[in-house]
Amino acid sequence: MKSPKIDYVRPDTTILIKYEEFPEDESDAGKSIFFNPKKELSIVSEDTSELDLGEQHIVEVSEEVLIDSTWIKIAGYYAIWDTRNINPYRMDGRQLKDTVDITLYDPRVKRDYKMPLEKTLVTSRFGHRGYRWHYGTDINLNTGDSIYAAFDGVVRINKWDGGGYGNYIVLRHYNGLETLYGHMSKTIAETGQFVKAGEVIGLGGSTGRSSGPHLHYEVRYQGNPLDPELMYDFPDYLLKGQSFVITSALFNYYNKSKSKSSGSRKSTYHKVRSGDTLSGIAKRYGVSVSQITKLNGISTRTTLKVGRSLRVR
């Protein structure tokens, strides 16, 4: 028997279907979970430039360092100190055997906490969203708003992630937690800098894989994301308690994130070609010019660059 002849037809990628706000698999955000479920294949046009992965550094010394009038062991604070990879720990939270009691703040030793923003209107919660899991809480803001360190700690990462978090910072704290602040318009705190709770570390924005200005805020334990709303009461602008208990049960959502792969909410994008105009694009998709300008944060006077992807729905 002869094999059937298959004619290959190159797909039209001028209309791009993207999953709103979800990071590219090769972005820092996409690689921040060791066992992240893979997305279903789709026809997209994306920037696949390589990112510098950096190196992992393990410190095996027992000396102590003075940070803000407190002596702490370097081995405990800086072990696996990686300034490029969000999750260098490779630890599955579901395998955690011990119960870990975390002290979130302690006024007696002048260790306070601060909400990451002055305004705490939650726009998207931790959990299943689209075709994959959303590992943080999105909080509304205006571009340029101050973003604050949640607890005392040291900046471990200050980096750009074009396919995911945009400008982002990761802070390591005394209590063993790490917090991540994504989509900032500008980062202020530098890698290795000690910051106090409430210190401004950056300004709000909509960089990276973002559909509008907001703060993507994550709380992690040894690389494993926790639902921030388990410890935060965002509407009342406070923490729910002075301490927080971490168990393996908190990470059982990994099983759910692997099992759900449908129900995606899609957005439609148009790749600008030579001769395109806003009115022509709007007419082609049956939408208004004002909708396109609002979705993309542009005006009717903005010059359309060939190759740019414009969201139309």
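None of these values were measured; they are calculated from a predicted model. (Residues numbered from 1 in each chain as written. Predicted model: local features only at pLDDT ≥ 70, side-chain atom pairs only at ≥ 80, totals over all residues. Heavy atoms only, no water.)

Formed by 42 residues in total, the largest nonpolar core has its most connected members in Leu177, Tyr181, Ile201, Tyr217, Leu226, Tyr232 and Ile246. Residue assignment for this core shows that the elements contributing at least two residues are strand E4 (100-103), strand E11 (166-173), strand E12 (177-184), strand E16 (214-221), strand E20 (243-246) and helix H2 (253-259). Here the element with the most residues in this core is E16; it accounts for four residues. In this structure, Ile281, Tyr285, Val287 and Leu310 belong to the second largest nonpolar core, which totals 11 residues. (Core = buried A, V, L, I, M, F, W, Y, C linked by side-chain atoms within 4.5 Å. Buried < 20%, exposed > 50% of the residue type's maximum accessible area, 1.4 Å probe, protein only. Helix = DSSP H or I, 4+ residues; strand = E, 2+ residues; numbered from the N terminus.)

A word on the pairing of strand E15 (residues 200-203). As paired strands, strand E9 (residues 146-148) and E15 are joined by three bridges and run antiparallel to one another. Paired with tyrosine 148 across the bridge in E15 is valine 200. Alignment of strand E13 (residues 186-187) against E15, held across two bridges, turns out to be antiparallel. Note that in E15 the partner of lysine 186 across the bridge is leucine 203. (Pairing = 2+ DSSP bridges.)

Let us look at the sheet that holds E13. Taken in spatial order, the three strands make up an open sheet running E9-E15-E13, and their pairing is antiparallel. Both outer strands of the open sheet, E9 and E13, are each paired with one neighbouring strand and no more.

Under the definition given, this model contains nine salt bridges. Residue glutamate 229 pairs with arginine 125 through a salt bridge whose shortest N-O separation is 2.9 Å. Of the two residues, glutamate 229 sits in the loop between strand E17 (224-226) and strand E18 (232-233) while arginine 125 sits in the loop between strand E5 (122-124) and strand E6 (127-129), which places them 104 residues apart along the sequence. The class of glutamate 229 is buried, set by a relative accessible area of 17%. Put simply, glutamate 178 and arginine 172 hold a salt bridge, and the shortest N to O gap is 3.0 Å. If you follow the salt bridges from partner to partner, you end up with Arg156, Arg172 and Glu178 in one network. (Salt bridge = Lys/Arg side-chain N within 4 Å of Asp/Glu carboxyl O.)

Another aspect to go through is the packing of aromatic side chains. Applying the stated criterion across every chain yields a total of 13 aromatic pairs. For the ring pair tryptophan 133 and tyrosine 253, a centre distance of 5.6 Å and an interplane angle of 15 degrees mean the geometry is stacked. Here the residue tryptophan 133 occupies a position in strand E7 (residues 132-134), and tyrosine 253 occupies one in helix H2, the gap between them amounting to 120 residues. Judged by relative accessible area, which is 7%, tyrosine 253 ranks as buried. Measuring from ring centre to ring centre gives 5.2 Å for tyrosine 232 and phenylalanine 234, while their planes differ by 20 degrees; the resulting arrangement is stacked. Per residue, the accessibility class of tyrosine 232 equals that of phenylalanine 234, and both read buried. Grouped by ring-pair contacts, the aromatic residues Phe126, Trp133, Tyr135, Phe251, Tyr253 and Tyr254 constitute a single cluster. Here the basic side chain of arginine 111 rests over the ring of tyrosine 174, its NZ or CZ set 3.9 Å away from the ring centre. Here lysine 114 stacks its cationic end above the ring of tyrosine 148, 4.9 Å away from the centre of that ring. (Phe/Tyr/Trp six-rings, centres within 6.5 Å; stacked < 30°, edge-to-face > 60°. Lys NZ or Arg CZ within 6 Å of the ring centre and 35° of its normal.)

So, on to the environment of serine 290. Mapped onto the fold, serine 290 is located in helix H4 (residues 289-296). For the pair serine 290 and leucine 278, spaced 12 residues apart in sequence, the C-alpha to C-alpha distance is 9.3 Å. Here the side chain of serine 290 touches serine 288 through a polar contact of 3.1 Å, side chain to side chain. (Polar contact = N/O pair within 3.5 Å; in protein donor to acceptor, adjacent residues only side chain to side chain.)

Let us now look at the confidence of the model for the chain. In this model, the chain carries an average pLDDT of 78, and 74% of its residues clear a pLDDT of 70 or more. A low-confidence stretch, residues 8-20 (pLDDT under 50), is modelled with 41 contacts involving residues beyond four sequence positions or located in other chains. This model gives residues 260-265 a pLDDT under 50, and the stretch forms 13 contacts once residues within four places in sequence are excluded. (pLDDT = per-residue confidence, 0-100. Contact = heavy atoms within 4.5 Å.)

Once that is clear, we can look at unusual backbone geometry. For lysine 110, which is not a glycine, the phi torsion comes out positive at approximately 60 degrees. By the secondary structure assignment, lysine 110 is in the loop between E4 and E5. The exposed category is assigned to lysine 110, whose relative accessible area is 70%. You will see that tyrosine 237, though not glycine, has its phi angle at about 60 degrees, which is positive.

The next thing to look at is helix H3 (residues 278-285). Restricting attention to buried positions, one finds in H3 the residues Leu278, Ile281, Ala282 and Tyr285. Within H3, the buried residues cover an arc of 100 degrees as seen down the axis, which keeps them to one side. Glycine 286 sits one or two residues past H3 and shows a positive phi near 70 degrees. (Arc of directions from axis to C-beta.)

We now examine the packing of H3 against H4. Between two packed helices, what matters for the description is the angle formed by their axes and the separation of those axes. For the pair H3 and H4, interaxial distance at closest approach is 8 Å and the crossing angle is 105 degrees. With respect to their mutual orientation, H3 and H4 come out roughly perpendicular. When H3 is examined against H4, the residues Leu278, Ser279, Ile281 and Ala282 are found in contact with a partner set consisting of Val289, Ile292 and Thr293. Of the residues belonging to the contact of H3 with H4, the class tally is five nonpolar, two polar and no charged. (Axes fitted to C-alpha atoms, helices over the stretch in contact; angles between N-to-C directions. Parallel < 35°, antiparallel > 145°, perpendicular 65-115°, else oblique. Nonpolar A, V, L, I, M, F, W, Y, C, P; charged D, E, K, R; others polar.)

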